[in-house]
Amino acid sequence: MSASSLRLSSAPSDPALLTLTEVAAAIAARRVSSREATQACLARIERAQPRLNAFLSIEAETALAAADAADAALARGAAAGPLHGVPLAHKDMYYDAGHVTTCGSKIRGDWVAPTTATALQRLKDAGTVRLGALHMVEFAYGPTGHNPHFGPARNAWNPDHVTGGSSSGSGTAVAARLTYAALGSDTGGSIRLPAHFCGVSGLKTTVGRISRAGAMPLSQTLDTVGPLARTVEDCALLLGLMAGADPADPTALGGPVPDYLAATRAPLAGRTIGIPQSFYVDDLDPDVAAAFDAAIATLERAGARIVPVVLPDQARLSAASTLILVAEAAAHHAHWLKARPEEYGAQVRARLENGFAIPAVTYLEALGWRGPALAAHLDAVAGLDAVLAPGAPMPAPTIAETDLGGAPDAEAMIQRLTRFTRPVNYLGLPAVSVPAGFTAAGLPVGLQLIGRPFEEAVLLSIGAAFQRETDFHTRLPEAP
Amino acid sequence: MTSFPPPAVPTPDAVAATARTAGLDLPPAAAARIAAAVAPAFAAFAPVSGTLPFDLEPATFLTVQMRELAK
């Protein structure tokens with residue numbers, strides 16, 4: 001643990017240091033007002049923004065006005081929902097009618113969204129207050145947090161290091177306690193990488209679990225909506241509010257939404273967790289390997305049964321994922337690539353152009369293999385509740401090391417970053433990320449619990465049990 | 001008779017030709033860069049290419065997903 005990091009006390013005096021579930025309960029019980037919570041976040045944002053670049057827009061006046069309205073409504077007995085008066089900010093790719101939604105780009109720098117994303121609308125309906133919009137990689141197409149238009153987001157644990165991306169602002173803002181939670185998106189690891197590098201919890205949902213209507217598209221096959229938050233319990237609360245059928249997105253699953261919060265209180269005993277014997281344990285930095293081993297021991301001590309598992313070729317899954325991602329991303333951007341190519345950052349434009357090299361037959365084969373590959377995976381994990389794996393093979397590299405415009409080994413390092421995340425996207429599986437340790441230099445590292453389709457509740461249960469046994473999620477960087 | 005060699009990593013010329021059919025003219029340097037960038041994915045996926053069964057139901061992924069949900 002870094003000498004400069006702090007452990008959160010059980011009753012922090014700064015309301016910004018409460019968890020999402022805690023502040024929601026405190027506001028509902030009128031122990032904390034929405035204005036107090038919002039002011040506390042805004043004060044931290046004001047101090048942190050010059051150092052972290054976590055926000056693309058900060059909307060202090062309208063946030064405080066909305067907080068006052070929430071307090072007045074509560075005084076009248078008119079609570080909107082479970083997150084009444086809770087201030088939040090999200091990755092700037094969730095359309096919010098009437099608000100500029102940049103998608104981290106110059107092309108959409110002044111674009112005003114005509115509709116509101118279903119996931120965001122459901123959080124608004126639950127009573128949340130908008131703090132502003134969070135930094136992201138241009139069009140969510142990159143794993144580090146670099147952005148040529150807005151500058152890089154910086155890691156709350158050490159601003160010389162990347163946040164991970166593409167939900168860069170979500171990761172560092174939650175870590176620095178600037179927002180209680182944040183929406184991210186995960187197409188190739190964009191929730192799990194910032195969670196790993198910033199020491200926060202994250203949930204990559206099953207494809208189909210949360211509506212994607214009104215969320216900026218990158219790859220219609222692989223895109224998923226999910227939260228980053230301080231605890232697994234907070235992720236469960238948010239998932240429960242956002243999940244469910246949506247006429248605007250026919251791919252969103254209907255039927256009853258499980259009680260995810262209740263799942264976080266379930267015991268660990270009786271759960272079986274698989275430990276991969278290759279790929280996810282190859283080429284790990286020593287600090288990541290140590291955290292992984294310690295987590296296995298913790299889970300076993302807490303009652304889980306730990307067993308080895310041999311998974312199908314993960315590199316092949318990752319390759320198939322890449323073929324789909326680059327082709328679909330190129331198709332989404334084809335018009336702008338032809339009409340406004342100079343408005344893209346050089347790296348994102350180069351990545352998008354890669355998609356034009358994929359023949360239709362190869363793309364369709366990569367799509368078609370998804371079903372047999374998922375069936376093979378499910379056979380391999382039969383009898384398991386989850387597979388445990390590191391979120392990435394290394395802690396956060398520096399911003400300079402991953403600058404494609406300067407560092408000679410940057411491309412190789414960037415490829416290594418996403419090694420452990422893309423197979424999960426290809427198979428459309430859910431995964432919960434949890435902080436699992438710190439390097440000697442004070443950088444966080446995390447783990448991912450990978451589950452079966454639509455079994456988020458099982459993963460949340462295991463993740464919450466892990467957080468009952470550890471305190472990594474309660475540590476926070478130096479005050480901004 | 002047309003022959004079908006094993007799937008290969010695309011060359012810069014092939015990349016340029018494929019991109020041209022999509023309406024994007026690539027300079028040779030860009031085509032070479034793209035060929036290098038996508039080569040690892042093509043190589044890793046090559047064992048699958050050309051092996052999918054003729055009758056593979058296009059919605060198999062959803063079928064497998066839903067089978068899990070029904071459990």
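Predicted, not measured: the structure shown is a model, and the values here were computed from it. (Residues numbered from 1 in each chain as written. Chains lettered and ligands numbered in written order. Predicted model: local features only at pLDDT ≥ 70, side-chain atom pairs only at ≥ 80, totals over all residues. Heavy atoms only, no water.)

Caption draft 1: Layout of the overall build of chain B. When its secondary structure is counted, chain B shows three helices and zero strands. In sequence order, chain B lays out its α and β elements as α-α-α. Taken over C-alpha atoms, the radius of gyration comes to 17 Å for chain B, far larger than the 11 Å a tight globule of 71 residues would show. Each principal axis of the C-alpha atoms in chain B carries an extent, and together these give about 55 × 35 × 25 Å. (Helix = DSSP H or I, 4+ residues; strand = E, 2+ residues; numbered from the N terminus. Rg over C-alpha atoms; globule rule 2.2 N^0.38 Å.)

Caption draft 2: Region of interest: the interface of chain A and chain B. Contacts between the two partners involve 34 residues from chain A and, on the opposite side, 31 residues from chain B. Among the salt bridges present, the one from Glu68(B) reaches Arg452(A), with a minimum N-O distance of 2.9 Å. Where chain A touches chain B, the interface holds ten residue pairs in polar contact (both at pLDDT 80 or more). When residues of the side of chain A that touches chain B are traced back to their parent elements, those giving at least two are helix H10 (314-339), helix H11 (346-354), helix H12 (360-368), helix H13 (370-380) and helix H15 (422-427) of chain A. Here the side of chain A that touches chain B gets seven residues from one element, more than from any other, and that element is H10(A). Here the residues of the side of chain A that touches chain B sort into 21 nonpolar, seven polar and six charged. (Contact = heavy atoms within 4.5 Å. Salt bridge = Lys/Arg side-chain N within 4 Å of Asp/Glu carboxyl O. Polar contact = N/O pair within 3.5 Å; in protein donor to acceptor, adjacent residues only side chain to side chain. Nonpolar A, V, L, I, M, F, W, Y, C, P; charged D, E, K, R; others polar.)

Caption draft 3: Looking closely at the environment of Asn354(A). When you line up the elements, Asn354(A) lands in helix H11. Owing to a relative accessible area of 10%, Asn354(A) belongs among the buried residues under this scheme. Note: C-alpha distance between Asn354(A) and Ala329(A) (25 residues apart in sequence) is 9.4 Å. Contact partners of Asn354(A), with chain neighbours within four places excluded, come to Val326(A), Arg33(B), Ile34(B), Ala37(B) and Val38(B). (Buried < 20%, exposed > 50% of the residue type's maximum accessible area, 1.4 Å probe, protein only.)

Caption draft 4: Molecular detail of the UniProt feature "domain: Amidase" (unreviewed entry) in chain A. The feature "domain: Amidase" (unreviewed entry), as given by UniProt, occupies residues 36-460 of chain A in the numbering adopted here. The distance from the first to the last C-alpha atom of residues 36-460 of chain A is 30 Å, and the span holds 38% helix and 14% strand. (UniProt positions renumbered as here; feature names shortened; annotations may be inferred.)

Caption draft 5: Looking closely at the packing of helix H9 (residues 286-301) of chain A against helix H16 (residues 456-469) of chain A. Residues and elements named next belong to chain A. Running from N to C, H9 and H16 point in directions that differ by 95°, and their axes come no closer than 10 Å. As summarised for this structure, H9 and H16 are arranged roughly perpendicular, according to the angle between their axes. On H16, the residues that touch Ala295, Thr298 and Leu299 of H9 are Ile462, Phe466 and Glu469. Looking at the contact of H9 with H16 residue by residue, the class counts come to four nonpolar, one polar and one charged. (Axes fitted to C-alpha atoms, helices over the stretch in contact; angles between N-to-C directions. Parallel < 35°, antiparallel > 145°, perpendicular 65-115°, else oblique.)

Caption draft 6: Up close: the packing of helix H1 (residues 12-21) of chain B against helix H2 (residues 28-45) of chain B. All names here are of chain B. At a minimum axis separation of 8 Å, H1 and H2 run at an interaxial angle of 105°. With respect to their mutual orientation, H1 and H2 come out roughly perpendicular. Residues Pro12, Val15 and Ala16 of H1 form the contact with H2, whose participating residues are Ala31, Ala32, Ile34 and Ala35. Here the contact of H1 with H2 is built from residues that sort into seven nonpolar, no polar and no charged.

Caption draft 7: Region of interest: the environment of Glu138(A). Residue and element names in this part refer to chain A. Looking at where Glu138 falls in the secondary structure, it is placed in the loop between strand S4 (129-134) and helix H5 (168-175). Along the sequence, Glu138 and Lys106 sit 32 residues apart, while their C-alpha atoms lie 8.3 Å from each other. If sequence neighbours within four positions are ignored, Glu138 has contacts with Cys103, Gly104, Ser105, Asn147, Pro148, His149, Glu343, Tyr344, Gly345 and Val348. A polar contact is formed between the side chain of Glu138 and the side chain of His149, at a distance of 3.0 Å. Reaching out from Glu138, the side chain makes a polar contact with the backbone nitrogen of Gly345 at a distance of 3.0 Å.

Caption draft 8: Region of the structure containing the pattern of salt bridges. With the rule as written, the count across this model stands at 17 salt bridges over all chains. Residue Glu68(B) pairs with Lys71(B) through a salt bridge whose shortest N-O separation is 2.8 Å. Here Glu68(B) falls in the buried class, since its relative accessible area comes to 7%. Its relative accessible area of 72% is what places Lys71(B) among the exposed residues. When salt bridges with common partners are traced through the structure, they connect Glu59(A), Asp96(A), Lys124(A) and Arg130(A) into a single cluster.

Caption draft 9: Just unusual backbone geometry, in detail. Residues and elements named next belong to chain A. The omega torsion across Gly165 and Ser166 is 15°, close enough to zero to call that bond cis. Here Ser166 lies in the loop between S4 and H5. Of note, the phi angle at Phe139 is positive, near 55°, even though the residue is not glycine. Relative to the assigned elements, Phe139 resides in the loop between S4 and H5. On the accessibility criterion, Phe139 (2% relative accessible area) is buried.

Caption draft 10: Fine view of the pairing of strand S5 (residues 181-185) of chain A. Residue and element names in this part refer to chain A. Extensive coverage of S5 is indicated by the burial of five of its five residues. With burial as the criterion, each face of S5 is covered, one bearing Ala181, Leu183 and Ser185 and the other bearing Ala182 and Gly184. For S5 and strand S7 (residues 225-229), the ladder comprises five bridges, and the chain directions are antiparallel. Bridge assignment links Leu183 to a residue of S7, and that residue is Pro227. (Pairing = 2+ DSSP bridges.)

Caption draft 11: Inspection of the packing of aromatic side chains at higher detail. All names here are of chain A. Counted under the stated rule, the structure contains nine aromatic pairs over all chains. Each ring, one from Tyr280 and one from Phe420, has its centre 5.3 Å from the other, and the planes form 55°; the classification is tilted. Of this pair, Tyr280 sits in the loop between strand S8 (272-276) and H9 while Phe420 sits in the loop between helix H14 (410-417) and H15, and the two are 140 residues apart along the sequence. In this structure, Tyr280 and Phe420 share a single accessibility class: buried. Seen from their ring centres, Trp369 and Tyr426 are 5.8 Å apart, and the 35° between their planes marks the pair as tilted. Taken as a pair, Trp369 in the loop between H12 and H13 and Tyr426 in helix H15 lie far apart in primary sequence, 57 residues in all. Of the two residues, Trp369 and Tyr426, neither departs from the other in class, the shared state being buried. Three or more aromatic residues joined by ring pairs make a cluster, and in this case those are Phe139, Trp336 and Tyr344. Geometry around Trp111 places Arg108 over its ring, the cationic atom sitting 3.6 Å from the centre. (Phe/Tyr/Trp six-rings, centres within 6.5 Å; stacked < 30°, edge-to-face > 60°. Lys NZ or Arg CZ within 6 Å of the ring centre and 35° of its normal.)

Caption draft 12: Inspection of the side chain of Thr60(B) at higher detail. Position of Thr60(B) relative to the elements: it lies in helix H3 (residues 60-70). At 2.5 Å, the side chain of Thr60(B) and the backbone oxygen of Glu57(B) are in polar contact. Residues in contact with Thr60(B), not counting those within four places in the same chain, are Gly371(A) and Pro372(A).

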